[in-house]
Amino acid sequence: HTAGCFITDNVGQFFSSGHTNNWAVLVCTSRFWFNYRHVANTLSVYRSVKRLGIPDSHIVLMLADDMACNHRNPKPATVFSHKNMELNVYGDDVEVDYRGYEVTVENFLRVLTGRLPPSTPRSKRLLSDDRSNILIYLTGHGGNGFLKFQDSEEISNVELADAFEQMWQKRRYNELLFIIDTCQGASMYERFYSPNLMALASSQVGEDSLSHQPDVGIGVHLMDRYTFYLLEFLEDIHPASKTCMNDLFKVCPKSQCVSTPGHRTDLFLRDPGSVLVTDFFGSVRKVEITMDSINLTSVVSHRKEEPAANGELQKEVYSYSDQLPVSEIIHQKPKQRDWHPPDGFILGLWTLILLVFFQTYGIKHLKHIF
Amino acid sequence: MQPHTVKHGQFCSLKVHFVVYKQLNFPTPLSRDGRRAAAPLSKMAAPLTLLFLLAVTVRAALFNSSLKELISDRVEVVSPLTAWKRVIEGLALLDLGVSPYSGDVFHETPLVIYLFHFVVDYAEVTFMLADLITAGCLYMAVKDYNKQVFRKQKFALEADRYPLDCLELIRSPKEMHYIPLKVAMFYLLNPFTILSCVARSTCCLNNAVIALFILSTIKGNLLLSAVFLSLATYQCLYPLVLVAPALLYLLQHQYIPVNFRRPNFWWLVAQYLFMFGGSLLVVVCLSFFLLGSWDFLSSVYGFILSVPDLTPNIGLFWYFFAEMFEHFRLFFLCVFQINVFFYTIPLSLKLKDHPVFLIFMQLSIISIFKSYPTVGDSALYLSFLPVWTHLHRFLRNIFLVSCLLLASSLLFPVLWHLWIYAGSANSNFYYAITLVFNVAQILLVSDYFYAFLRREHHLTYGLYLKRKDGSEAAMVLK
């Protein structure tokens, strides 16, 4: 009985964060062997996110080049994040969804907004809904207001902000955490204007993000500083951790990173101190096993007061938007013909044809027809 | 000069008449004025039906194969005027509420929109039907024409107008019996026609209207001939040159000599031109009422005349206009377009007694020199070749022309692939083959013209020329 009371009292906690599923979009935008560290960055975040519970079906991993099987990799099928080959972030169960030349600005934006052709498999789609918390991690080479993809195209901060606005309007996320590890990374979150976005960057405008350590055995720098320290931070997180975002903002101070990491929380509705790191990096399910049945009516009324208390943004109730339009694919309607020739035209044409016919062949044929 | 020769000549003429009458024993009896009632099709119905079935089978087989899409894209078979893709696009634009003539997509006439609005789901059947109509009309027209040729020949024989040594040039009904079937066969089984039909090019519809025009002209029906010719002109603009042979034929049919002082002549010409102009006006106004705007005039006729689209095809315009400087463009446009219409005058003067051959010549000139020719246009005049098989002995370039035609037809897709896909050739290669093809066509047509005129000459002056003293002479063309 006491267990049941405990649960009834604390059942509000089940609905406090507002999200029911987690997604992660992890993108490495650089090619070539000397950008090994960007792939290692992305794979280390992937590893942490997977370790903390987000399954591969909810992770969209985009790697612009293959380092593990690169000809210059002296240790094939591995990608190391620490020198002396301490930690292999590649492992046996990495699932890359977009690889090589598929990592383009267009594909990235299509993944975010959901505008993919009907033939795209589920593993390449971001099938999030309005109760999804999404982690977006970008790394590569960037500049003031742009991020370079594949050494041939760029995405600008305006485009990214508009993509997030589209996601908001299509109710594709509940809360979104955006982390970027490039030079002048803070410029990329300057233009955001949609609600419930929190952003972290490895360096301010005018600063370069620096790489961490080279490994003499492999011959390239293995990680970037910010992500290296982020990885160290995340290694201490486990699914039950209560670490909040304020601690994440303190990762990699200037003494360790040389650049000044930045963050932006003004668009985020909740207080960052109350946001758990596992709200974004893990897929934490609040599960309490009980044999009792619980009456939820009181919780429902309690829940309704909360949005009124929050104030600024009234979130209307929206129905689940159709991410995978299966019904449209299955039931192809036949084309409807909307245009019809005017009646006067048809009348005129056939009168003329009949006139010519009778003129040629004579009136005597009339009695054969009628 | 020697009495011996004259007597021999007279004896020969009697013998000749007897022999000729025996050979040329036409099966049905003559009526009083030499006209025959239209012989029923029943004698040739079975082979004709078989031919139609074979043609439909070949086309249906190709329609159901994977070659359909491939052929619909070939530039030799479809042009921007006749492509099926553009017709579908125009209909789709219309369904979206936009005029089909906006943009550079659709260049066919509004009546085609009207037709395909209802039959677009049965397009293949429509095109096969158009081909069958063309073949049927050509069959009946050539049958009638053969009868008239034979009748005229009979009168000329009776009037003793042929010199004695040209009897081998006289035609007999036996040899002419299978010509209509051969014409239908040449049209239906020509690879050019089959390709046009499978590509669903509206060239098949153009050919059908022109064939109906030919049939109604040969039957002597003024109204129908004017109506079909105006439809053909409305569709394609270039059949305007067929007014001259149609007039000449109808004058001949009603025994009115071409004399500018006779009121009969002017009366018939005025009637025909009035009917032609009137039906053209009516059809243009009807098209206006269909879509409610005059856009189609600039999109169809403006497009044909000003040639803005320089996609390569088997014609002569594209390469020339692609490399020309802008301020000469109008001048050369006028030159090229006048070239199509201009041959009417000298040809009509020369061939005023042979209007059907004039129709053949005009059709060939249209299909060689028009602004967007396709192989379907060539197929129409090529189907007339069996009618002139009696000219075989005077043709000089048969081997050359057939080799050129075959080689160029086979090389078109090869050089296109080399130019566009493999990148190892350039437009000059393709244009060279276009030139070869057109030179072959021109040689073919001029050869037939030469052979026709030579035969006429021989029929007037004799096959073997003799000098006054009886020894052999030869004619030298200087």
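Residues numbered from 1 in each chain as written. Chains lettered and ligands numbered in written order. Predicted model: local features only at pLDDT ≥ 70, side-chain atom pairs only at ≥ 80, totals over all residues. Heavy atoms only, no water.

*Asks:* Would you mind going over the packing of aromatic side chains with me for this structure?
*Replies:* Aromatic ring pairs are reported here in terms of the distance separating the ring centres and the angle at which the planes meet. Under the defined criterion, the tally for this structure stands at 53 aromatic pairs over all chains. Consider the rings of Trp 168 of chain A and Tyr 173 of chain A, whose centres lie 5.6 Å apart with planes at 50°: the pair is tilted. As far as burial versus exposure is concerned, Trp 168 of chain A and Tyr 173 of chain A are alike and both buried. Centroid distance Phe 412 of chain B to Phe 437 of chain B: 5.4 Å. Interplanar angle 75°. Geometry classified as edge-to-face. Here Phe 412 of chain B, found in helix H20 (residues 398-422), pairs with Phe 437 of chain B, found in helix H21 (residues 427-461); they are 25 residues apart in sequence, far enough to count as distant. Of the aromatic side chains, those joined through ring pairs into one cluster are Tyr 145, Phe 357, Phe 360, Tyr 381, Phe 384, Trp 388, Tyr 448, Phe 449 and Phe 452 of chain B. The cationic tip of Lys 124 of chain A hangs over the ring face of Tyr 98 of chain A; the distance from NZ or CZ to the ring centre is 5.2 Å. Lying over the aromatic face of Tyr 450 of chain B, Arg 396 of chain B brings its terminal NZ or CZ to 4.0 Å of the ring centre. (Phe/Tyr/Trp six-rings, centres within 6.5 Å; stacked < 30°, edge-to-face > 60°. Buried < 20%, exposed > 50% of the residue type's maximum accessible area, 1.4 Å probe, protein only. Helix = DSSP H or I, 4+ residues; strand = E, 2+ residues; numbered from the N terminus. Lys NZ or Arg CZ within 6 Å of the ring centre and 35° of its normal.)

*Asks:* What exactly am I supposed to notice about the UniProt feature "active site" (unreviewed entry) in chain A here?
*Replies:* Residue and element names in this part refer to chain A. According to UniProt, the "active site" (unreviewed entry) feature falls on His 141 and Cys 183. Over a stretch of 43 residues, the named residues converge on one spot in the fold, their C-alpha atoms separated by at most 6.5 Å. Structurally, His 141 can be placed in the loop between strand E4 (132-139) and strand E5 (142-143). Setting aside chain neighbours within four positions, we find His 141 in contact with Thr 29, Ser 30, Asn 35, Arg 37, His 38, Leu 147, Lys 148 and Thr 182. (UniProt positions renumbered as here; feature names shortened; annotations may be inferred. Contact = heavy atoms within 4.5 Å.)

*Asks:* Can you help me understand helix H5 (residues 110-119) of chain B in this one?
*Replies:* For an α-helix, 3.6 residues make a turn, and residues three or four places apart therefore share a direction. Counting buried positions over the 10 residues of H5 of chain B gives seven, a clear majority of the element. Residues Pro 110, Leu 111, Val 112, Ile 113, Tyr 114, Phe 116 and His 117 of chain B constitute the buried set of H5 of chain B.

*Asks:* Mind showing me how you'd approach the interface of chain B and chain A here?
*Replies:* Frequently, the measure chosen for interface size is the accessible area removed from exposure when the parts meet. Of the residues lining the interface, 18 residues belong to chain B; the matching set on chain A comes to 17 residues. Carbon and sulfur atoms make up 73% of the area that chain B and chain A hide from each other, which totals about 1600 Å². On the chain B side of the contact with chain A, Asp 95, Tyr 114 and His 117 of chain B bury the most area, a combined 37% of that side's loss. Summed over the shared surface of chain B and chain A, the number is zero salt bridges. Counting the contacts that link chain B with chain A gives one residue pair in polar contact (both at pLDDT 80 or more). Every element with two or more residues in the side of chain B that touches chain A is listed here: helix H4 (84-95), H5, helix H11 (222-236) and helix H13 (263-291) of chain B. (Buried area = accessible area lost by both parts, 1.4 Å probe. Salt bridge = Lys/Arg side-chain N within 4 Å of Asp/Glu carboxyl O. Polar contact = N/O pair within 3.5 Å; in protein donor to acceptor, adjacent residues only side chain to side chain.)

*Asks:* Looking at this structure, how should I read the environment of Cys 257 of chain A?
*Replies:* All names here are of chain A. Take Cys 257: it is sitting in helix H7 (residues 254-257). Residue Cys 257 is classed as buried on the basis of its relative accessible area, which comes to 1%. Here the alpha-carbon distance between Cys 257 and His 212, two residues 45 residues apart in the chain, equals 8.6 Å. Setting aside its immediate chain neighbours within four residues, Cys 257 contacts Arg 225, Tyr 226 and Cys 252.

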